[in-house]
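# Structural features, examined
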Amino acid sequence: MKKLIKRLIFSDFFRKYRELLVLSLDLLLVFFSFTISYMIKNDFQIVFMQGIIKNKVIYLALELLIFALCFDLFRVNRSLWKYTGLSEVIRISFANTIAISIIILCRLCIQKPISYGYYVNVLVYNILLIVGLRVLYRLYRKCVVSRKEKEDIFILGAGDAGVMMLREISQNENLKYRCIGFLDDYKVGKIVAGVRVIGTTNDLEKLKQQYQINCVIIAMPSASKDKIRHLYEMCQDLQLNVKIMRELNDTLEDGLQRKSLMQDINIEDLLGRGEVYLDQYEITSYIHQHVVCVTGAGGSIGSELARQLIKYKPMALILIDINENGLYMLEQEFERAKRHGKISKEITVLSYVASIRDKKALFEIFAQLQPQVVYHAAAHKHVPLMEARPMEAIKNNVFGTYNLIECCIEHKVQRFIMISTDKAVNPTNVMGATKRMTEMIMQAYGDNGVTKMAAVRFGNVLGSNGSVIPIFKEQIATGGPVTITNKAIIRYFMTISEAARLVLQAGYYANKGEIFVLDMGKPVKIIELAEKMIRLSGYEPYKDIDIIEIGLRPGEKMFEELRLDDEKTSKTKNNLIYKHEAMPITKEEVQEKLLLLSKKLEENASKEKLKDLIFMMLKEKSKV
């Protein structure tokens, strides 16, 4: 019987005609309710007069048609039975009540006698039978799943997320876990969704020994990163496997299978600061119903900026990048989001393949679309590559930014916000030097009377293209070794979403070329980062996967800095954003430097001469 049911449910015929089959079954139950109610009304006496039977059949057919329309209106036949809950019960009740009400009104209109008790019975039986069938199926599924061999676990957190996680592991046949108790610091002794809260997270060591469990699931979406780190380290000390519940944005589209809420904990869960609180009114005031442009939109920072920006409902979002593949994928992502109602269909998203080096192309786009806010994330950023080809860094980062700034002023853009880097502070590499030069250009043109300008400076972004995290992941996946430049090296880290949100907030403070610095939190030793990532992958550092030093790369620093010695720093309203006042530099000075760089590029100067020249320019300015 079990195999027959399973074969029926997963057959192609059932998948294709499921909604029609479910509707037919529901109408069969309605017919049964009418029959039982009729027999009760007539004391189980059946009148076999031909005229009466004919009329009853006609009326019953019309009544079933009304029920079918109401069931379809409330999507009763479209819900998945194994997820039957309160919302489905309410929909079924409403559909049946409205159907019965329509039938009663129709009988009143044609002046037919009405037995209200009869229709009340039909309504009650309908709801009980239709809901009962779904509940029985859900119980059947639960019994089938519970009989399978499963691993006992604890769920850390007995709130709404914990209950959701409990339902997930009880209904998802692919999850081989059984929750034997919640751990929660505030609900000890209570019963949550049928499962007891057996202790607090501080009792984990004692309860592990008592129940012999080897795995826990952290279901605390509102917990701080410090709390998650603390729980993870506690579990590591107890040699417990750790999973985490994370929010998913899946839409079950394109035939994809539903992903589980439970996933392996990763390094991004342990680094960064978590939720960043923003002044929504301030951000909305300069983005909502404005035409916003993002350069470098196909990159990791640019694409995340675009995702955050679109939530504030700009009139139009212009995406510019020379990387056509990244641009196309982002555009498709927004189109899918529109189809699924995640973003407004009224927002115009326009993608343009163009280089910021091409001044003419920029001017054409700006003249046509008249953007009001520009986020500049386009840049060459990989340190070793730029050391090998400094001319490319200068052409793109320096002259590309200069083109964009001139374009913004010419077309009266309201705000220009540029993404900078901590490598621009006392730079030791070409990439950092070019980014420092772009800051100087921005500051020289900051007080222009037309466009408010600012740069936002931050350190390493977790998961961005070419960052250390994906490199380490790939090295671990291939069996190692994991390579680090120096065991003493430290870096600041921030998640992509954190960085993008703070850039939006800093954009509101933009005025006359200030540089805003994001609070990057505590620095992280790269050696410790590598060790954690190896353990998260289920290996033991130095035993399963080795970690080796390869020495500092050309132009790389041991320690990153976030401010120049001469920069005057002040706080903003947001305690995660600091402001450095614009340093004194004139347009004439900048023009002189750009002219000299341009001549050297035209002369095809060697990379050594270009490096010497740009570093000399920065040193000259530092003495002013």
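Residues numbered from 1 in each chain as written. Predicted model: local features only at pLDDT ≥ 70, side-chain atom pairs only at ≥ 80, totals over all residues. Heavy atoms only, no water.

In terms of regular secondary structure, the protein chain is built from 21 helices and 22 strands. Taking all 624 residues of the protein chain together, the buried fraction comes to 49%. Here the analysis covers contacts within the protein chain between residues at least 6 apart in sequence; of these, 77% occur between residues at least 24 apart. (Helix = DSSP H or I, 4+ residues; strand = E, 2+ residues; numbered from the N terminus. Buried < 20%, exposed > 50% of the residue type's maximum accessible area, 1.4 Å probe, protein only. Contact = heavy atoms within 4.5 Å.)

Another aspect to go through is the packing of aromatic side chains. According to the stated counting rule, one finds 9 aromatic pairs in the structure shown. Taken together, a centroid distance of 4.9 Å and an interplanar angle of 65° make the contact between Y118 and Y119 edge-to-face. Residue Y118 is classed as buried on the basis of its relative accessible area of 14%. Measuring from ring centre to ring centre gives 6.0 Å for Y509 and F516, while their planes differ by 45°; the resulting arrangement is tilted. By the ring-pair criterion, three or more aromatic residues cluster together here, those being F34, F67, F71, Y118 and Y119. When the ring centre of Y286 is taken as reference, the NZ or CZ atom of R415 above it lies at 4.8 Å. (Phe/Tyr/Trp six-rings, centres within 6.5 Å; stacked < 30°, edge-to-face > 60°. Lys NZ or Arg CZ within 6 Å of the ring centre and 35° of its normal.)

With that out of the way, let us pick up the sheet that holds strand β9 (residues 316-321). Strand pairing within a sheet occurs via backbone hydrogen bonds; the two strands may be parallel or antiparallel. Taken in spatial order, the 9 strands of this open sheet run β10-β9-β8-β11-β12-β13-β18-β22-β21, and their pairing is mixed. Of all strands in the sheet, those with a lone pairing partner are β10 (348-353) and β21 (569-571), marking the two edges. With strand direction ignored, the average angle separating the axes of adjacent strands in the sheet is 20°. Bridge analysis of β21 against strand β22 (residues 577-580) gives 3 bridges, and the strand direction is antiparallel. Along β22, the bridge assignment pairs T569 with H580. (Pairing = 2+ DSSP bridges. Axes fitted to C-alpha atoms, helices over the stretch in contact; angles between N-to-C directions.)

Attention now moves to the environment of V192. One can find V192 in strand β3 (residues 191-192). You can call V192 buried: its relative accessible area is 12%. Along the backbone, V192 and G159 are 33 residues apart, and their C-alpha atoms lie at a distance of 8.5 Å. Setting aside anything within four residues of it in sequence, one finds V192 in contact with A158, V163, L166, F182 and V197.

Let us look at helix α8 (residues 225-237). Over its 13 residues, α8 extends 18 Å from the first C-alpha to the last, a length consistent with the 18 Å expected when each residue adds 1.5 Å. The complete set of buried residues in α8 reads K225, I228, L231, Y232, M234 and C235. One or two positions beyond α8, positive phi appears at Q239, with a value near 55°. (Expected span 1.5 Å × (residues − 1).)

The next point concerns the confidence of the model for the protein chain. Put simply, the protein chain has an average pLDDT of 82, and 85% of its residues get 70 or more. Across residues 48-52, where pLDDT falls below 50, the model places 2 contacts with residues more than four positions away in sequence or in other chains. (pLDDT = per-residue confidence, 0-100.)

Right, let's get into the environment of K381. Among the secondary structure elements, K381 is positioned in the loop between β11 (373-376) and α14 (383-388). Considered as a pair, K381 and N397 are 16 residues apart in the sequence and their alpha carbons are 8.8 Å apart.

Turning to the side chain of N448, a few remarks are in order. Take N448: it is sitting in the loop between α16 (430-444) and β13 (452-458). Note on N448: relative accessible area 17%, which makes it buried. Residue contacts for N448: discarding those within four places in its chain leaves I409 and M453.

A word on helix α17 (residues 468-477). Listed as buried for α17 are I469, F472, Q475 and I476. What you see down the axis of α17 is that its buried residues fit within an arc of 130°, all on one side. Turned more than 90 degrees away from the buried face of α17, the exposed residues are E474 and A477. Phi for G479, located one or two positions after α17, is positive at around 95°. (Arc of directions from axis to C-beta.)

A sheet is described by the order of its strands in space; here 7 strands give the open sequence β3-β4-β2-β1-β5-β6-β7, paired in mixed fashion. The sheet is open, and its two borders are formed by β3 and β7 (262-264), each paired with just one other strand. Pairing of strand β6 (residues 241-245) with β7, which is carried by 3 bridges, proceeds in the antiparallel orientation. When the bridges of β7 are listed, M245 appears paired with M262. Seen against the sheet, helix α7 (residues 204-211) touches β1 (151-156), β2 (177-183), β4 (195-199) and β5 (215-218) and runs at an angle of roughly 160° to β1.

One finds F366, F416 and I441 to be the most contacted residues of the largest nonpolar core, which totals 48 residues. Top contributing element to this core by residue count: helix α15 (residues 390-410), with 9 residues. Look past the residues within four positions of F416 in its chain and what remains in contact with it is V374, H376, L404, I405, C408, M442, T451, K452, M453 and A454. (Core = buried A, V, L, I, M, F, W, Y, C linked by side-chain atoms within 4.5 Å.)

Moving on: a nonpolar patch on the surface. A cluster of nonpolar side chains, contributed by L86, I90, F94, I98 and I102, occupies part of the molecular surface with about 450 Å² of accessible area. Turning to its location among the elements, I90 is positioned in helix α4 (residues 86-109). Owing to a relative accessible area of 40%, I90 belongs among the partly exposed residues under this scheme. (Patch = residues over 30% accessible without salt bridge, like charges linked within 9 Å, V, L, I, M, F, W, Y side chains within 5 Å. Areas by Shrake-Rupley, 256 points an atom, 1.4 Å probe, with all protein chains shown as cover. Salt bridge = Lys/Arg side-chain N within 4 Å of Asp/Glu carboxyl O.)

Turning to the packing of α15 against α16, a few remarks are in order. With their axes 9 Å apart at the nearest point, α15 and α16 run at an angle of 15° to one another. As far as their axial angle goes, α16 and α15 are roughly parallel. The element α15 and its partner α16 pack so that their crossing is right-handed. Within the contact between the two elements, α15 uses P390, A393, I394, N397, V398, T401, Y402 and I405 and α16 uses V430, M431, T434, K435, M437, T438, I441 and M442. Looking at side-chain class alone, the contact of α15 with α16 contains 11 nonpolar, 4 polar and 1 charged residues. (Parallel < 35°, antiparallel > 145°, perpendicular 65-115°, else oblique. Left-handed = near helix turned anticlockwise from the far one by under 90°. Nonpolar A, V, L, I, M, F, W, Y, C, P; charged D, E, K, R; others polar.)

Time to look at the packing of helix α11 (residues 300-310) against helix α12 (residues 324-339). α12 packs onto α11 with a crossing angle of 25° between their chain directions and a minimal axis gap of 11 Å. If you check the angle between α11 and α12, you find them roughly parallel. Between α11 and α12 the crossing geometry is right-handed. For the pair formed by α11 and α12, the contact residues are S303, A306, R307 and I310 on the first element and L330, E333 and F334 on the second. Broken down by class, the residue content of the contact of α11 with α12 amounts to 4 nonpolar, 1 polar and 2 charged.

Okay, the pattern of salt bridges next. Oppositely charged side chains can pair when the atoms bearing their charge come close. In the structure shown here, the tally under the stated rule is 13 salt bridges. A salt bridge links E333 to R307; the shortest N-O distance between them is 2.7 Å. Pair noted here: E333 is in helix α12 and R307 is in helix α11, with a separation of 26 residues, a long-range link. Since its relative accessible area comes to 26%, R307 is described here as partly exposed. Each member of the salt-bridge network shares a partner with another, and the members are R357, R389, E392 and K395.

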